[in-house]
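A look at the structure
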Amino acid sequence: MRWTLLIVFAIVALLASVVMGPAAVPLNELLHSDIVWNLRVPRALLALLVGGSLGVAGAGLQALVRNPLADPFLLGLSGGAGLGAVLAIALHVSGPWALPIAAFVGALAALGLVYRLGLIGGAALDPRILLLGGVAIGAFAAAVTTAIVSLADAAELRNAFLWLWGGLSGASWDTVLIIAVYAPIPLVVLFAASRPLDLLALGEESAGYLGADVERVKRRVYLAASLLTAAAVAVSGVIGFVGLVVPHIARLTWGHRHRVLLPAAFLGGGALLAFSDTLARTVVAPRELPVGVVTALIGVPVFAMLLRRWTIP
Amino acid sequence: MTAPLLRLHGVRYRYPGATQDAVQDVSLSVAPRQFHAVLGPNGSGKTTLVRIALGALTPLVGRADVIGVPASQWARQELARTVGVVPQREDNLFPQRVRETVLLGRYPHLTLWGAERTQDQEAVDRALRACDAAHLSDRWLWTLSGGEYQRVRIARALAQEPQLLVLDEPAMSLDLKHQMELFELVRGLVDRQGLGVLMITHDLNLAARFADSLLLLAEGRPIAAGAPAHVLTQETVQTVFAWPVAMQTVDGRPQMIPLRKREESRA
C-alpha cells in the first residue's frame, strides 16, 4: 500500500512534468514534439535522478552524523560548489560545461577539506567533527562567494544568485546520461551499507561489537553520500530540503531499516523533485522559479508538521 | 586441552597521552560453562579490560586471545559470531521495536545483499524466549522498564549465537528484583546453554553469589583472583574499597556488609 502510493506518486509526477510546461503541447502530439523529447523528458529524468540521489545521501548522512537534522548540503558541499561556480562566472570561464565542472570541483575541494578535518583526531573518522567542520567550511566558502558576488557586476550577480538557488533548466540528454552512469556507483555503495547503518544507530561501540567494520562504513557512507551530492549540485545547483525532508517522511512511513528506507528515499526524493520542478516551470510561466524555492516552500511546512509528530511519539 | 574462549595474559595498556597505565599485568581466562566476574571500584580499569578482551584496544604488553587467536586479529563479523557483548551504554538514534533491535544481533550471520532467513527469525525467537522477553516483541524500546530493556539487549547478544557473552555493568540502576532476575538469567545461560560469561560489575555480593570465579582490580592492577571465598576477604575488600566491612557467608559464598563508620570499632 505504502509502496503503491509512492510509485503512483512518482509516475504521476513524471507524467505531469512531461505533459505540463509553459509551451502548450496538445496531448496527441506529445510523442512527436521536440520540446517534449529534448527538454521535458530529460528534465523529468534528471529530476528523478538528482532528487533520488539527494534523498539517499540525506538518509545516509543523517545516520552517519547521528543527527536527524543533517542535510547533504550541510557538510560544506553547497558552499564549495557555490564558490566554484561563482569563481567560474567571475573569471568569465566559458563553455557549456564550465559551470557544472567548476561547481563539481568546488564541492570536491570542500569534501576533501571536511574529510581531512574529520580525521583530525587520528585514524578514526569523527562524525561530530564532520558536521562541525562541514558547517565551518561551508560558511567560509559562502563568505568568499558573497565577497566575489558583491564585487561582480549586476548581470553576472543575477546569474550567480539564481544558480545558487538551484534549477534543472540545464537538463539535457547529456546530463541525464552522465548522472545515470555516475550515480549508481555511490548509490550501490550506500545500499550495501544498509545493515551497518542500522547498527550505527546504536552507537559506534555497539555497532562494532555486533560485527560492523565501523571505520570502513563511516568512510564509505561519507564519501558515497558526498559524491552523490557533489554531482547533484554540479548539474542542478543547491536544491534544499529534498535531502532533509524526504528521508524523514520515509522513516516515518517505512521505519528505520535502511534496506527499505534507502530505496524509499530514492523514489520519494525523485518524485518530489520532479513534482516541484513542474510547479517551478508552470506556476509563473513563462518565467521560472528556482526549484529550490519550490522544494523549500513545500518542504518547510511538511517538515514543521513532522517535527510536531516527532516530539509527540 | 582446547583453548579457553577468552584468555588475557599479563596485559598492560595505557591510553595515548595518559600518565599511568589503565591496566597492568592482568590475566584472566573464561572457559565454556564458566561465569567470570571482574570487580573493582570506579576507574579501576574494568571497562578498559573488556575493550582489550574484544580487540577494540591492543595491549601494549601481553596477549588477549579469543579461542587462541589474538582478539585484535579477528575480523569484526567473525568475532561477533563468537562473542556477544552488552555494552554499558548505548543510545538508539531512532525509535525501534524490540524485535527489530534483537534482529540486529543476526547481522554477523547475514550476507551482504541477502534477506533475513527463517533460521534468523528462529534465532531471534529463541533469544527472546531465553531472556523471557518474547511477550515484549512488538513493544517500542522506549516503553520498556530498565530491567526489560537489559533483557532485550541480552537477547540481542544471544541472537548472535555466541559462545562467550560479555556484559558491562548490566545490573546497574536496576531494583532488587530485576537485579536478581538478571543474575539468575545469566547464570541460567551458563548452566543450560553452556555459554562462557565475562561480566563487569560493581556488585560484590551478587557476583560472589552467582559467579564461578572473580577478578578484583584496583587502579588497573589485579588484587586477587579465583573462587569468591578466596577473593572477597574482609581485609581485601576493606583495602580496595577503602571502607570498613563485615563479611558473612550465604550458600557458601562470601557476602559483604558495609559498616557505618562508628561501628568500625565493634566489628
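Residues numbered from 1 in each chain as written. Chains lettered and ligands numbered in written order. Predicted model: local features only at pLDDT ≥ 70, side-chain atom pairs only at ≥ 80, totals over all residues.

**A short note on the overall build of chain A**
When helices and strands are counted, chain A shows 14 helices and 0 strands. Listed N to C, the secondary structure of chain A is α-α-α-α-α-α-α-α-α-α-α-α-α-α in terms of helices and strands. Relative to a compact globule of 313 residues, whose C-alpha radius of gyration would be 20 Å, chain A shows 19 Å and is just as compact. In terms of overall dimensions, chain A has C-alpha extents of about 60 × 50 × 35 Å along its principal axes. Across the 313 residues of chain A, 53% fall into the buried class. (Helix = DSSP H or I, 4+ residues; strand = E, 2+ residues; numbered from the N terminus. Rg over C-alpha atoms; globule rule 2.2 N^0.38 Å. Buried ≥ 20, exposed ≤ 12 C-beta atoms within 10 Å, placed from the backbone.)

**Concerning the interface of chain A and chain B**
Taken together, the contact between chain A and chain B spans 19 residues of the former and 20 residues of the latter. Secondary-structure elements contributing two or more residues to the side of chain A that touches chain B are helix H9 (194-200) and helix H10 (204-209) of chain A. Residue composition of the side of chain A that touches chain B, grouped by class: 8 nonpolar, 5 polar and 6 charged. (Contact = placed C-beta atoms within 7 Å. Nonpolar A, V, L, I, M, F, W, Y, C, P; charged D, E, K, R; others polar.)

**Concerning the pairing of strand E10 (residues 221-226) of chain B**
Remark: a regular strand shows side chains that alternate across the two faces of the sheet. All names here are of chain B. Looking at chain direction, strand E9 (residues 213-218) and E10 are connected through 5 bridges and run antiparallel. Paired with Leu217 across the bridge in E10 is Pro222. Taken together, E9 and the strand that follows it, E10, pair antiparallel across an intervening segment of 2 residues, in which Glu219 is found at a positive phi of about 50 degrees. (Pairing = 2+ DSSP bridges.)

**So, the environment of Ile129 of chain A**
All names here are of chain A. Mapping Ile129 onto the fold places it in helix H5 (residues 127-151). Residue class for Ile129 comes out partly exposed when judged on the 17 C-beta atoms lying within 10 Å of it. When the C-alpha atoms of Ile129 and Gly118 are compared, they prove to be 5.2 Å apart, with 11 residues separating the residues in sequence.

**Quick notes on the sheet that holds E9 of chain B**
Strand pairing in a sheet takes place through backbone hydrogen bonds and is either antiparallel or parallel in direction. Residues and elements named next belong to chain B. Taken together, 6 strands build an open sheet; the order of strands is E6-E7-E8-E3-E9-E10 and the sheet is mixed. One side of each edge strand has no neighbouring strand; the edge strands of this open sheet are strand E6 (83-86) and E10. Averaged over all neighbouring strand pairs, the angle between strand axes comes to 15 degrees, with direction disregarded. Along the sheet, helix H5 (residues 146-159) makes contact with E6 and strand E7 (164-168), crossing E6 at roughly 165 degrees. (Axes fitted to C-alpha atoms, helices over the stretch in contact; angles between N-to-C directions.)

**Points about helix H1 (residues 2-19) of chain A**
Residues and elements named next belong to chain A. The terminal C-alpha atoms of H1 lie 26 Å apart, and with 18 residues this matches the ideal 26 Å at 1.5 Å per residue to within 8%. By the burial criterion, the buried members of H1 are Ala10, Ala13, Leu14, Ser17 and Val18. The arc that holds the buried residues of H1, viewed along the axis, is 130 degrees, so those residues lie on one side. Facing away from the buried side of H1, by more than 90 degrees, are the exposed residues Thr4, Leu5, Val8 and Ile11. Where H1 is buried, its residues contact helix H2 (34-64) and helix H13 (258-282). (Expected span 1.5 Å × (residues − 1). Arc of directions from axis to C-beta.)

**Overview of the sheet that holds strand E5 (residues 69-70) of chain B**
Residue and element names in this part refer to chain B. Taken together, the 4 strands give an open sheet; going across it, the order is E2-E1-E4-E5, and neighbouring strands pair in antiparallel fashion. Of all strands in the sheet, those with a lone pairing partner are strand E2 (23-30) and E5, marking the two edges. Where helix H1 (residues 46-53) meets the sheet, its contacts fall on strand E1 (6-13), E2 and strand E4 (61-66), and the angle it forms with E1 comes to roughly 120 degrees.

**Here's the deal with the packing of helix H8 (residues 184-192) of chain A against helix H11 (residues 214-236) of chain A**
Residue and element names in this part refer to chain A. One way to put it is that H8 packs onto H11 with a least axis distance of 9 Å and a crossing angle of 145 degrees. Of the two possible hands of crossing, H8 and H11 adopt the one that is left-handed. Where H8 abuts H11, its residues Pro186, Leu187, Val189 and Leu190 lie against Arg220, Val221, Ala224, Ala225, Leu227 and Leu228. Across the contact of H8 with H11, the residue classes tally to 9 nonpolar, no polar and 1 charged. (Left-handed = near helix turned anticlockwise from the far one by under 90°.)

**With respect to H5 of chain B**
All names here are of chain B. With 14 residues, H5 should reach 20 Å at 1.5 Å per residue; the first-to-last C-alpha distance of 20 Å fits that figure. Burial analysis of H5 places 10 of its 14 residues in the buried class, which makes it a mostly covered element. The set of residues buried in H5 consists of Gln150, Arg151, Val152, Arg153, Ile154, Ala155, Arg156, Ala157, Leu158 and Ala159. On its buried face, H5 sits against E6, helix H3 (98-103), helix H4 (118-130), E7 and helix H6 (176-193).

**Let's talk about the confidence of the model for chain A**
The predicted model of chain A has a mean per-residue pLDDT of 87, with 96% of residues at 70 or higher. No element of chain A has a lower mean pLDDT than helix H6 (residues 154-165) of chain A, at 69, and none a higher one than H8 of chain A, at 96. (pLDDT = per-residue confidence, 0-100.)

**What about the packing of helix H3 (residues 77-90) of chain A against H11 of chain A?**
Residue and element names in this part refer to chain A. H11 packs onto H3 with a crossing angle of 35 degrees between their chain directions and a minimal axis gap of 10 Å. Like other packed secondary-structure pairs, H3 and H11 cross with a definite hand, here right-handed. Facing Leu77, Ser78 and Ala81 of H3, the residues of H11 in contact are Ser226, Thr229, Ala230, Val233 and Ala234. Taken together, the residues of the contact of H3 with H11 break down into 5 nonpolar, 3 polar and no charged.

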